[in-house]
Amino acid sequence: MSLQFIFGNSGSGKSSYLYRNILKEAAEHPEKNYLVLVPEQFTMQTQRELVRLEKSHAIMNVDVLSFARLAYRVFDELGKQNLRVLEETGKNLVLRKLAGEQKKNLSVLGGNLNRMGYISEVKSLISELTQYNVSPEKLDTFLETEDVGETLRLKMQDISVMYHSFSEYLQGQYITSEEVLSLLCDVAEDSNIIKDSVIVFDEFTGFTPIQNQLLRKLLVLSERIIVSVTMDAGEDFYHCRGEQELFSMSKKTVSVLMKMAEELHVTVEEPVVLSDGKNHRYKNAPSLYFMEQNLFRPYYHKWRQKEDELRIVSLKNPREELHFVAREITKFVREKQYCYKDIAVVTGDVSLYDNYVDEIFAAYDIPYFLDQTRTILFHPFIEFIRAVLEVVELDFSYESVFRFLRCGLTDITEQQIDLLENYVLAKGIRGRKKWEKQWTFVFDDTEKENLTEMNEVREKIYGFFAPLSEAFTQGKTVRDETTVLYELIEKLEIEQKLKQKELEFERQGNQVKAKEYARFTKLSWICLIRLWTSWETKCFRSKSMRIF
């Protein structure tokens, strides 16, 4: 049982040092397990790097895992196949149901839970409380003993009501993804994968309380644990003067692990300190190496090399910044023979600039890929589904009907929609009965000429929703309701229309939009529909059926 730290600046070669040593040891001890734990998003990248570094390009007794993957690997080993893990969508559905049941007990949140994204925020807060080992009872104790202000207290009391209900609902039925590590802590002692293994933790900036709880177990069960920590080689690794320090988070991580080792009587080996970033990541970028060594440091040096290698430019707003960047990119491509693929624009807040990128980069004919997670919520097909359900729920309200029509996935033209909208607003038409009957009332001869066309469009729209209205108002099962919705999607040939949009964007050279539409044309939308059928249980049904 031992603990060892690998300290070093960013880019000093900590990962490379770790991987080469682990591969060397693994080759010398083929009977032993070597586990390399990295954050989920780095698992594939790390596995590729280890395979590349290994002479035979095969890693037999080295596993690359995240915390969650380690848990499932151990569960498979121990035959624990009966776990029912509630994923993010399931949490939203459960919380939506519980919010309806507990509405009378929610003094602040009760009136807001139907707002878009509210349930998702409640879910995120409960997930975070779980990760930090804050049980409903601990939350109640905190609210009783601490002075947090009346407004915050009332909000947190509502969260406590939801948290208690959520925990009671899951009891004996499901576990959440945040509780997987707690379960792993309970069974870790029975695992041969963990016992006497060498475990490496790389690319982590810190650990949550539940992860620290697992680390406490691993320190005792494993032969050796190695942790890489990003910290300036000149720092005092074991003492922190406060959160204002640049590496305070790293020092806090070291302090927690050192305390664990002391309590468990685990040997702490001499740390490895790496500081040769100049010859590793920054070998061909001396200006970046200078920044890494001096940025945010209390003692710094001045840059005395070529000014064009490192410049600071201050501009008034994001639009001007992007214009400047576009001019620089154009200069690099035209004068210095760079390719567009050689250039990256890095920002700490993509959302601040993404509204201007299309306009400005298009003006300079710069092709680009915006590395940003796009929500599917406002995709025309998702908007179509939400609008369809809203028309049924709100009984053909003006807003819901024209939200549906403006999705652009029907065969009704914009001119017909405008004509229909003017008539509906002028006559105050609302409700299924008004849409079911022939429209006859007109003010002048112009309207009379258009009335026939409007009635044709009205009949078409009512034909879309008549089967849905019957299915959703006659107490049908979720499967029946979903089937009717599926039939409407088929009737309107949504998949073909999305495919046309994809091809249109490809012809325009807009690959980002083309790929966005391609995800739906490859029948991925059927998965969205099947979501409802997979939850065909009375407890998940609600009058509004607001899944999105």
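Up top is the structure these notes are about.
Residues numbered from 1 in each chain as written. Predicted model: local features only at pLDDT ≥ 70, side-chain atom pairs only at ≥ 80, totals over all residues. Heavy atoms only, no water.

1. Looking at the overall build of the chain
Step number 1: Each helix and strand in the chain was counted, giving 21 helices and nine strands.
Step number 2: Projected onto its principal axes, the C-alpha coordinates of the chain cover approximately 90 × 65 × 55 Å.
Step number 3: In the chain, the proportion of contacts linking residues at least 24 apart, taken out of those at least 6 apart, comes to 69%.
Step number 4: Between the centroid of the 73 positive side chains of the chain and the centroid of its 85 negative side chains there is a distance of 2 Å. (Helix = DSSP H or I, 4+ residues; strand = E, 2+ residues; numbered from the N terminus. Contact = heavy atoms within 4.5 Å. Lys, Arg positive; Asp, Glu negative; His and termini not counted. Charge placed at Lys NZ, Arg CZ, Asp CG, Glu CD.)

2. Observations regarding the packing of helix α6 (residues 136-145) against helix α7 (residues 150-170)
Step number 1: At their nearest, the axes of α6 and α7 sit 9 Å apart, and the two run at 160° to each other. Comparing the axis directions of α6 and α7 gives the class roughly antiparallel. By crossing handedness, the relation of α6 to α7 is classed as left-handed. Across the interface between the two elements, P136, E137, L139, D140, L143 and E144 of α6 pack against R153, M156, Q157, I159, S160, Y163, H164 and S167 of α7.
Step number 2: Among the residues forming the contact of α6 with α7, the class breakdown is six nonpolar, four polar and four charged. (Axes fitted to C-alpha atoms, helices over the stretch in contact; angles between N-to-C directions. Parallel < 35°, antiparallel > 145°, perpendicular 65-115°, else oblique. Left-handed = near helix turned anticlockwise from the far one by under 90°. Nonpolar A, V, L, I, M, F, W, Y, C, P; charged D, E, K, R; others polar.)

3. Focus on the packing of helix α1 (residues 14-28) against helix α2 (residues 43-53)
Step number 1: The contact between α1 and α2 brings their axes to 10 Å, and the two run at 60°. The angle between α1 and α2 places the two elements in the oblique class. For the pair α1 and α2, the sense of crossing is right-handed. Side by side, α1 and α2 meet where Y19, R20 and L23 of the first sit next to T46, E49, L50 and L53 of the second.

4. Focus: the pairing of strand β6 (residues 198-201)
Step number 1: Alternating positions in β6 separate into two faces, V198 and V200 on one and I199 and F201 on the other, with burial throughout.
Step number 2: Relative to strand β7 (residues 224-230), β6 runs parallel, the two sharing four bridges. Note that in β7 the partner of V198 across the bridge is R224. (Buried < 20%, exposed > 50% of the residue type's maximum accessible area, 1.4 Å probe, protein only. Pairing = 2+ DSSP bridges.)

5. A word on helix α12 (residues 318-335)
Residue pairs spaced three or four apart in an α-helix point in one direction, given the helix's 3.6 residues per turn.
Step number 1: Look at α12: 25 Å from first C-alpha to last across 18 residues, which is about the 26 Å you get at 1.5 Å a residue.
Step number 2: Within α12, the full set of buried residues consists of P318, L322, F324, A326, E328, I329, T330 and V333.
Step number 3: Q337 lies just past α12 and shows a positive phi near 60°. (Expected span 1.5 Å × (residues − 1).)

6. Section: the pattern of salt bridges
Step number 1: For the structure shown, the criterion picks out 29 salt bridges.
Step number 2: Among the ionic pairs, R311 bridges to E328, the shortest N-O distance being 3.0 Å. Highlighted residues: R311 in the loop between α11 (286-294) and α12 and E328 in helix α12, separated in sequence by 17 residues.
Step number 3: The class of R311 is partly exposed, set by a relative accessible area of 48%.
Step number 4: Two residues, K316 and E320, come together in a salt bridge whose shortest N-O distance is 3.8 Å.
Step number 5: K316 gets classed as exposed once you look at its relative accessible area, which sits at 71%. (Salt bridge = Lys/Arg side-chain N within 4 Å of Asp/Glu carboxyl O.)

These results come straight from atomic positions and should not be treated as a statement about function.
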